[in-house]
2 protein chains.
Amino acid sequence: MKKTQADAPTFPSEFRSSCPVASVLDILGDKWTLVVVRDLFLNKHRYGDFLTSPEAIPTNILADRLKKLEAAGIVKRDLYQDNPPRAEYFLTTRGADLAPVLRAMLKWGVQYLPGVSIPQKFTPPEIRD
Amino acid sequence: MKKTQADAPTFPSEFRSSCPVASVLDILGDKWTLVVVRDLFLNKHRYGDFLTSPEAIPTNILADRLKKLEAAGIVKRDLYQDNPPRAEYFLTTRGADLAPVLRAMLKWGVQYLPGVSIPQKFTPPEIRD
DNA sequence: TTTGTTGCTTGCAAAATGCAAGTGACGGTA
DNA sequence: TACCGTCACTTGCATTTTGCAAGCAACAAA
């Protein structure tokens, strides 16, 4: 399906620089965004799913981050019910390609941080583009 | 050299969970910390070096982030002059092992973000433990 | 004595975070 | 018909963080 203008990702109005690392951080650089992406890799799709994660994300933060991830084209929002409208979220291909970032963080964290436990494995996520 | 208690890294008083990804983000999850780490990979060591980066990090943020990176054992602060005391910063082994995280972000950013340019290559950083 | 350098610190306004409660639109039950 | 439960959010507000701009300290150089 041809992407419409509406489907094109939107980014912060201004990246700090043209450096890819800095630009990635302009989108993903806070404490919660990649936790939400992690949960999508764990096949969590609905609010109730995200809220079961041990970090106890506040609902206003979850809403805000999902909205931004959708705007960045990393996440796809689909309705599974029309009345009342109820949404579920999926990684897009671009979102799924964040796997190496999460894997690198996971590996570093396991090696260097006290008290972490070996996490459950990511199964291939369901992708919707 | 045997690490003293003073050299042991200190972490946030409380991680949100035992998940390594979440815990890494408790330390590194903001817009500036990994930019500072990136600059260390680019062999920038002193304030004047960091301040030449295109993102124009505010000096209070730079000071704050270097302090936290040192506390986490990712960065080593050395004095290159005693009077007045003047510091330079180096990656430790644990800091150098963040390379895969940066590389994964870089690759994703180059592929998916508009307007990024191919960055200068990381040379092997000087490590001080 | 004055100026320049470097690594920070400080004051303050704006923005973000996060707690807790609330909202809306349904379906289910009494 | 009235009430309750569910779920995906929104809202109000206090606290924390961010970031601008100026300032400080301890030297060396002119």
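Here the structure is shown first, and the text comes after it.
Everything numeric in this text was worked out from a predicted model, so none of it was measured. (Residues numbered from 1 in each chain as written. Chains lettered and ligands numbered in written order. Predicted model: local features only at pLDDT ≥ 70, side-chain atom pairs only at ≥ 80, totals over all residues.)

Novice: Please explain the protein's contact with DNA strand D as it appears in this structure.
Specialist: Residues in close proximity to DNA strand D total 17 residues, the closest being Arg-46, Tyr-47, Asn-60 and Ala-87 of chain A together with Asn-83 of chain B. Listing elements by their share of the surface near DNA strand D, those giving two or more residues are helix 3 (47-51), helix 4 (59-71) and strand 2 (86-91) of chain A together with helix 4 (59-71) of chain B. Looking at the surface near DNA strand D residue by residue, the classes come out as seven nonpolar, six polar and four charged. (Near = placed C-beta within 6 Å. Helix = DSSP H or I, 4+ residues; strand = E, 2+ residues; numbered from the N terminus. Nonpolar A, V, L, I, M, F, W, Y, C, P; charged D, E, K, R; others polar.)

Novice: Looking at this structure, I do not really get the packing of helix 1 (residues 20-28) of chain A against helix 2 (residues 33-41) of chain B. What am I missing?
Specialist: At a closest axis distance of 9 Å, the pairing of helix 1 of chain A and helix 2 of chain B adopts a crossing angle of 170 degrees. The angle between helix 1 of chain A and helix 2 of chain B places the two elements in the roughly antiparallel class. Residues Val-21, Ala-22 and Leu-25 of chain A of helix 1 of chain A touch helix 2 of chain B, and the partners they reach there are Leu-34, Val-35 and Arg-38 of chain B. (Axes fitted to C-alpha atoms, helices over the stretch in contact; angles between N-to-C directions. Parallel < 35°, antiparallel > 145°, perpendicular 65-115°, else oblique. Contact = placed C-beta atoms within 7 Å.)

Novice: Is there a simple way to think about the environment of Thr-33 of chain A in this case?
Specialist: Residue and element names in this part refer to chain A. Examined against the element boundaries, Thr-33 turns out to sit in helix 2 (residues 33-41). Sequence spacing of Thr-33 and Asp-64 is 31 residues, and the spatial spacing of their C-alpha atoms is 9.4 Å. Residues contacting Thr-33, with those up to four places away along its chain left out, are Leu-28, Arg-65 and Leu-69.

Novice: Honestly, the nonpolar core in this entry has me stumped. Any pointers?
Specialist: Generally speaking, nonpolar side chains in soluble globular proteins are found buried as a group. Val-21 of chain A together with Val-21 of chain B are the most contacted members of the largest nonpolar core, which totals 63 residues. Once residues lying within four places of it in the same chain are set aside, the contact partners of Val-21 of chain B are Leu-34, Val-35, Arg-38, Leu-102, Met-105, Leu-106 and Gly-109 of chain A. (Core = buried A, V, L, I, M, F, W, Y, C linked by C-beta atoms within 7 Å. Buried ≥ 20, exposed ≤ 12 C-beta atoms within 10 Å, placed from the backbone.)

Novice: So what exactly am I meant to see when it comes to the protein's contact with DNA strand C here?
Specialist: Neighbouring residues of DNA strand C: 18 residues in total, closest Asn-83 of chain A together with Arg-46, Tyr-47, Asn-60 and Ala-87 of chain B. Of the residues in the surface near DNA strand C, the class split is seven nonpolar, six polar and five charged.

Novice: Help me understand helix 4 of chain A in this model?
Specialist: Side chains that are three or four residues apart share a direction in an α-helix, a result of its 3.6 residues per turn. All names here are of chain A. The terminal C-alpha atoms of helix 4, which comprises 13 residues, lie 18 Å apart, in line with the 18 Å expected from a rise of 1.5 Å per residue. Of the surrounding secondary structure, the elements contacted by the buried residues of helix 4 are helix 2, strand 1 (75-81) and strand 2. Gly-73 sits one or two residues past helix 4 and shows a positive phi near 80 degrees. (Expected span 1.5 Å × (residues − 1).)

Novice: Could you clarify how one ought to interpret the pairing of strand 2 (residues 86-91) of chain B in this entry?
Specialist: On any regular strand, side chains alternate: one points to one face of the sheet, the next to the other face. Residue and element names in this part refer to chain B. Pairing analysis gives six bridges linking strand 1 (residues 75-81) to strand 2, with the strands arranged antiparallel. Within strand 2, the residue paired with Asp-78 across the bridge is Glu-88. Taking the residues between adjacent antiparallel strands as the criterion, strand 1 and strand 2 are bridged by four residues. (Pairing = 2+ DSSP bridges.)

Read these as layout, nothing more, since geometry by itself doesn't imply function.
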